[in-house]
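Tertiary structure, described
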Amino acid sequence: MKIIKTKNMEELGQKAADWVIEKINEKPDLMMALPTGNTPTLMYQKLVEANKAGKADFSKVKVFNLDEYYGLSSEHPQSFYQYLFKNFYSKINLNKENIEYLHGDTDDPGAEAQRYHNEIQKAGGFDLVILGIGENGHIAFNEPGSSFESKTRLVDLAPETVKRDSSLGIPILPERALTVGISEILSSKEILLLAGKEKKEIIEKAIKNPVTEKIPASVLQKHQNVTVIIEE
Ligand code: GLP
């Protein structure tokens, strides 16, 4: 596991963006899975700037959203789709056909999860998964107790996650979500984990304590190619 420490979130965003640009330059048709949340916002902003300056080309890149609230359509202003579309996809030269996302408003979450799993396989698996981390150690929406064998599925959100998200001003409070599973995250060739200083304690546990399903992010210790960028 490679750890990169940064002085502030501005530097974290820049370092993460530079790291991603390097990967895209190595493999222009990079297949990546992307997170929402406050943590990656500056990275997206820097990637947009790099794209506008001609330093990052997304024309062949394929993106998969990592998760979505169950019950919210992609048009819903609080959906993760809207977050990624507004902050990133709509501002870069991404081919809209290369955006894959979970349909939170599906009537059949089992079928939707299977469809997403199949799309991931069809695209050849992830080259890169970028993750944030929840205060309880969740990655995407794989909450404590998630099986390391899990695939894309419908999950119940942990009470602390629902509580935190409610403080973000989301008027509807979804208590379930569709999320890419831990086995699909682990099958990525490379993983980038981003964390601000408020996540210091959980990051320490995730990277130093024994691997346990109680701290989903601890499973990253089993992966050969993980980079963590953390604000000091
Ligand atoms: C949500 C998302 C996660 C994200 C986490 C942390 O729960 N499902 O993918 O990592 O929030 O968000 P933040 O970066 O805002 O702390």
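Bear in mind that the values here come from a model prediction, so they are computed numbers and not experimental data. (Residues numbered from 1 in each chain as written. Predicted model: local features only at pLDDT ≥ 70, side-chain atom pairs only at ≥ 80, totals over all residues. Heavy atoms only, no water.)

Here's the deal with the overall build of the chain
Helices and strands together make up the secondary structure of the chain, namely 7 helices and 10 strands. The C-alpha radius of gyration of the chain comes to 16 Å, within 12% of the 17 Å expected for a compact globule of 232 residues. Each of the three principal axes of the chain carries a C-alpha extent, and together these read 40 × 40 × 35 Å. Split into buried and exposed, the 232 residues of the chain put 56% on the buried side. Intrachain contacts of the chain at a sequence separation of at least 6 include 79% that bridge at least 24 residues. Entry remark: accessible area of the chain is about 10,500 Å², with carbon and sulfur atoms responsible for 49%. Computed over 29 positive and 34 negative side-chain charges, the separation of the two mean positions in the chain equals 5 Å. (Helix = DSSP H or I, 4+ residues; strand = E, 2+ residues; numbered from the N terminus. Rg over C-alpha atoms; globule rule 2.2 N^0.38 Å. Buried < 20%, exposed > 50% of the residue type's maximum accessible area, 1.4 Å probe, protein only. Contact = heavy atoms within 4.5 Å. Areas by Shrake-Rupley, 256 points an atom, 1.4 Å probe, with all protein chains shown as cover. Lys, Arg positive; Asp, Glu negative; His and termini not counted. Charge placed at Lys NZ, Arg CZ, Asp CG, Glu CD.)

Comments concerning the site of the ligand
Around the ligand, the neighbouring residues are Gly37, Asn38, Thr39, Asp67, Phe80, Gly132, Ile133, His138, Ala140, Phe141, Arg164 and Lys199. Note that an oxygen atom of the ligand is positioned 2.7 Å from one of the backbone N or O atoms of Asn38. Within the backbone of Ile133, an N or O atom sits 3.4 Å from an oxygen atom of the ligand. Here the ligand loses 97% of its free accessible area of 390 Å² to cover by the protein chains. (Near = heavy atom within 4 Å. Polar contact = N/O pair within 3.5 Å; in protein donor to acceptor, adjacent residues only side chain to side chain.)

With respect to the packing of helix α1 (residues 9–26) against helix α2 (residues 41–52)
Two elements in contact, α1 and α2, have axes whose closest approach is 8 Å; the angle formed by their N-to-C orientations is 55°. When the axis of α1 is compared with that of α2, the two are oblique. In terms of crossing hand, the pair formed by α1 and α2 is right-handed. Between α1 and α2, the residues in contact are Met9, Glu10, Gly13, Gln14, Ala16, Ala17, Val20 and Ile21 and Leu42, Met43, Lys46, Leu47 and Ala50, respectively. Here the contact of α1 with α2 is composed, by residue class, of 9 nonpolar, 2 polar and 2 charged. (Axes fitted to C-alpha atoms, helices over the stretch in contact; angles between N-to-C directions. Parallel < 35°, antiparallel > 145°, perpendicular 65-115°, else oblique. Left-handed = near helix turned anticlockwise from the far one by under 90°. Nonpolar A, V, L, I, M, F, W, Y, C, P; charged D, E, K, R; others polar.)

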